[in-house]
Amino acid sequence: MRVAQVPGPGEEFQIVEHEIPKPGAGKVRIKVQACGVCHSDALTKEGAWPGIQYPRVPGHEVAGVIDEVGDGVAAWKPGQRVGVGWHGGQDGTCRECRRGDFRNCRNLKIPGISYDGGYQEYMLAPMEALAAIPDTLSDVEAAPLLCAGITTYNALRHSGAFPGDLVAVQGIGGLGHLGVQFASKFGYRVVAIGHGLENAQLAKRLGANEYIDSKLTNAAEALQKMGGARVVIATAPSSKAMSELIEGLGPNGKLIVIGATFDPIEVTPLQLISGSRTIQGWAAGTPADSEDTLRFAELSGVRPMIETYPLEKAAEAYARMMSGKAQFRVVLTM
Ligand SMILES: [Zn+2]
Ligand SMILES: [Zn+2]
């Protein structure tokens, strides 16, 4: 089988041939059909996550078909369509797992980081990492929903915002273009925050009620004129832009951070105290949350906009994703 692997931290992708692996106990082998290229794959490519063993195959937006099951796998069968997202398995024994909070497992396994991910023709996955894919979603549509999709969907549905509330989506990119769609289908009054006329038209098409061009307008002031946001979901990886939007939150407003950066967000205690505002981070969700995301997408018509590349062009696909110019998710096909 063909595999796109990272030989070492910061090194270029290699396309190599490997033996097709056998699934051990509690695992399945997936014939990968599509794998999304996520910004978090940079953690593997650049070695920014501690303890990665190289060579390593990135990819945590995997869609495929179960091809063989290992011992002790009763709930899944060959021929079933499945996906694997960021949540690649929990230990089942830590304090959070014992409370049923698998999403926050202290020893969470992540495909492409803890074990080889989806940039290859066949992949092994633990059974607790699997999500069923509905028949009406294609592999290339399902793949980005397993990280970008679940993250925006799950963060919004747990945000505390009710239908009709003012919800702003900062950034119209890989995460944001899905965030606008989900927010619209949830019945929020959706404000998309981006720049440029092109994005304005796109945001409206995706379901935004309002558009703020943050290059031309002070976005926080514009949000306050609309009554203040109940939720701002910050998708674009800019800590500065996030910091500026805190002033756009209304009473009990919440800034939800899903765009990953290393720079600090700046906020004063007074900004949080007045109006009881909060800032919260959110990471993906469990495979059960993935299934909810996929079913909701099926029901509501939410779909990722994608650019596809064959597996052999993994390096090009990764570079395209990193350029920030992709419209909007890059997906490898096998
Ligand atoms: Zn991701
Ligand atoms: Zn755990």
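None of the values given here were measured: they were computed from a predicted structure. (Residues numbered from 1 in each chain as written. Chains lettered and ligands numbered in written order. Predicted model: local features only at pLDDT ≥ 70, side-chain atom pairs only at ≥ 80, totals over all residues. Heavy atoms only, no water.)

(A) Layout of the nonpolar core. In this structure, L156, F182 and Y188 are the most contacted members of the largest nonpolar core, which totals 42 residues. For this core, the secondary structure elements donating two or more residues are α3 (139-157), β8 (166-170), α4 (176-185), β9 (189-194), α5 (197-206), β11 (229-234) and α9 (287-300). For this core, the element with the most residues is α3, which contributes 8 residues. The contact partners of Y188, leaving out residues within four places of it in the chain, are L156, S159, A161, F162, P163, G164, D165, V167, A183 and N209. Listed in part, the 34 residues of the second largest apolar core include I30, V32, W76 and A326. (Core = buried A, V, L, I, M, F, W, Y, C linked by side-chain atoms within 4.5 Å. Buried < 20%, exposed > 50% of the residue type's maximum accessible area, 1.4 Å probe, protein only. Helix = DSSP H or I, 4+ residues; strand = E, 2+ residues; numbered from the N terminus. Contact = heavy atoms within 4.5 Å.)

(B) Summary view of the coordination of the zinc ion (ligand 2). Protein-derived coordination of the zinc ion (ligand 2) comes from D91 (OD), C94 (SG), C97 (SG) and C105 (SG), at a distance range of 2.0 to 2.3 Å. Considered as a linear motif, the donors of the zinc ion (ligand 2) on their single chain read D-x2-C-x2-C-x7-C. Each member of the pair, C94 together with C97, is buried. (Donors = N, O, S within 2.8 Å, 3.2 Å for Na, K, Ca; no water.)

(C) Looking closely at the sheet that holds strand β10 (residues 210-213). Ordered in space as β10-β9-β8-β11-β12-β13, the 6 strands form an open sheet in which the pairing is parallel. The sheet terminates laterally at β10 and β13 (278-281), the two strands that pair on one side only. The average undirected angle you get between the axes of adjacent strands in this sheet is 20 degrees. Note that β8 and β9 share 5 bridges and pair parallel. Within the sheet, the bridge partner assigned to L166 lies in β9 and is R189. (Pairing = 2+ DSSP bridges. Axes fitted to C-alpha atoms, helices over the stretch in contact; angles between N-to-C directions.)

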